[in-house]
Amino acid sequence: MTGDRIELAVHDHGGDGPPLLLLHGARRTLADWAAVAPLLVPRHRVLAVDLRGHGLSPSGTWSLRQVLDDIEAVLERYGLPGALPVGHSLGGMIAVRYALEHPDVTPGAVNLDGYGWGRPDQYVGLDPAYVEARLTQMRQAAAATVSGEPLPADGLKDLLAEQRALSEQLGIPYELLEAGLLRTVRPAPDGRLEVRPRRAHVLEMLAAIDALDLFDLFDAFARTGRPLLLARAARPVPPAPGMPWFDELMTAYGKGLARDLAELAARRPSVRVVAIDGTHEMLLESPGAVANALLAFTSDALPEPGE
């Protein structure tokens, strides 16, 4: 670590073309890109990172400023300052913010379904006060899922069983889910297992996400004239246990999100909006569809010499 920067864990997938930097979502790891990255390598140099506090990267206080500095350090170390940041979920938000702050070298940005919970007025057909109350419940539930307590030494089997059930529910290859989970678990000194990121850092991360006005961010980036790909999941997320109103809420948000993305693309010619046939877990469910959308975008945004 140097100053506030952390030396992130990196997987260099290789390749010789225009460079891409792949960023994962909150509480995920670079393992999420395992099925997508090989499809990009024939045309791109591809790096994937574990964000601070995630996977095999060191922990540290979590703020967007520090995360952006970490990313800059990675690209400096690899001599790829002009890499295109490509992010999923939280990583997509970070990709746009990073590119906005590095206009001289960063050629564009890609956000794959990184829209958070949006604004109450984006939930079509629902009263904003009702939506705000439900969003408060969801934020509280998200924070409550992070216990902060290490698992018992045999607790890993229960987490793996959850991944097995998710594999069957969404049709995701189990080995992809297993690899991601194993990358988040570390032995604690007392023999128990620590699941990363730590609770304090998750809460800092959730607060940073809530503080972002994403459509203002997208519009600010679009005004630079550099290409921006905004992809959204075409299929809804699975129902949330204990939240019978969740499906209605997400259906309303999906309509508002599609409306607002289309309006942004109509107003800003540098913005391309696509729907990916998958849920929010698109990297694991539909790696081919994700790769195809990325390659179609980069063929225009990052033409190779001679093209």
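The rules behind these values
- Residues numbered from 1 in each chain as written.
- Predicted model: local features only at pLDDT ≥ 70, side-chain atom pairs only at ≥ 80, totals over all residues.
- Heavy atoms only, no water.
- Phe/Tyr/Trp six-rings, centres within 6.5 Å; stacked < 30°, edge-to-face > 60°.
- Helix = DSSP H or I, 4+ residues; strand = E, 2+ residues; numbered from the N terminus.
- Buried < 20%, exposed > 50% of the residue type's maximum accessible area, 1.4 Å probe, protein only.
- Lys NZ or Arg CZ within 6 Å of the ring centre and 35° of its normal.
- Expected span 1.5 Å × (residues − 1).
- Contact = heavy atoms within 4.5 Å.
- 1 Å grid on protein atoms, 1.4 Å probe; cavity = no way out; pocket = protein on both sides within 12 Å on 5 of 7 lines; lining within 4 Å.
- Points joined across faces, edges and corners; volume = space filled by probe spheres on them.
- Nonpolar A, V, L, I, M, F, W, Y, C, P; charged D, E, K, R; others polar.
- Core = buried A, V, L, I, M, F, W, Y, C linked by side-chain atoms within 4.5 Å.

Student: In this structure, what is going on with the packing of aromatic side chains? I would like to understand it.
Tutor: Ring pairs (aromatic) are described by centroid distance and by the angle formed between their planes. Counted by the stated rule, this structure contains three aromatic pairs. A ring pair is formed by Tyr 115 and Phe 218, whose centres lie 6.0 Å apart and whose planes are at 90°; its orientation type is edge-to-face. A residue pair is termed long-range when its members are at least 10 positions apart, and Tyr 115 in the loop between strand S5 (109-112) and helix H4 (128-144) and Phe 218 in helix H8 (residues 214-222) qualify at 103 residues. For the pair Tyr 115 and Phe 218, a shared accessibility class is recorded, and that class is buried. An aromatic cluster of at least three residues, connected via ring pairs, comprises Tyr 115, Phe 215 and Phe 218. Stacked on the ring of Tyr 174, the Lys or Arg Arg 164 has its end atom at 3.6 Å from the ring centre.

Student: In this structure, what is going on with helix H3 (residues 90-101)? I would like to understand it.
Tutor: Helical geometry note: an α-helix holds 3.6 residues per turn, so side chains three or four residues apart project in the same direction. Taking 1.5 Å as the rise per residue, H3 with twelve residues should run 16 Å; its terminal C-alpha atoms sit 17 Å apart, in good agreement. Regarding H3, the residues found buried are Leu 90, Gly 91, Gly 92, Met 93, Ile 94, Ala 95, Val 96, Tyr 98 and Ala 99.

Student: Explanation requested: unusual backbone geometry in the structure shown.
Tutor: Working note: non-glycine residues mostly have negative phi, and peptide bonds are mostly trans. The omega torsion across Arg 196 and Pro 197 is 0°, close enough to zero to call that bond cis. The phi dihedral of Asp 113 falls on the positive side, at around 60°, and the residue is not glycine. Secondary-structure assignment places Asp 113 in the loop between S5 and H4. Look at Asp 113 and you get buried, because its relative accessible area is 12%.

Student: How do you make sense of the environment of Leu 21 when you look at a structure like this?
Tutor: Along the chain, the position of Leu 21 falls in strand S2 (residues 19-23). On the basis of relative accessibility, which here comes to 1%, the residue Leu 21 falls in the buried class. Put simply, Leu 21 and Val 202 are 181 residues apart on the chain and 23 Å apart in space, counted from C-alpha to C-alpha. Not counting the four nearest positions on each side in its chain, Leu 21 is found in contact with Leu 47, Val 49, Ile 71, Val 74, Leu 75, Ala 83, Leu 84, Pro 85 and Val 86.

Student: Before we go on, may I ask you to explain the layout of surface pockets in this structure?
Tutor: Space left empty within the atom packing is revealed by a probe, the size of a water molecule, rolled over the atoms. Considered as a void within the structure, the second largest pocket measures approximately 230 Å³ in volume. Lining of the second largest pocket is provided by 14 residues; of these, Tyr 115, Gly 118, Arg 119, Leu 212 and Leu 214 occupy positions nearest its centre. Sorting the residues of the lining of the second largest pocket by element identifies helix H7 (199-210) and H8 as the ones contributing at least two each. Taken together, the residues of the lining of the second largest pocket break down into seven nonpolar, three polar and four charged.

Student: I would appreciate a short explanation of the nonpolar core in the present structure.
Tutor: Soluble globular proteins tend to pack their nonpolar side chains together in the buried interior. Within the largest apolar cluster, 56 residues are counted, with the highest numbers of intra-cluster contacts made by Leu 21, Ile 94, Tyr 123 and Phe 218. A per-element tally of this core places helix H9 (residues 246-267) first, with eight residues. Residues Ala 231, Met 282, Val 290 and Leu 294 belong to the second largest nonpolar core, which totals 26 residues.

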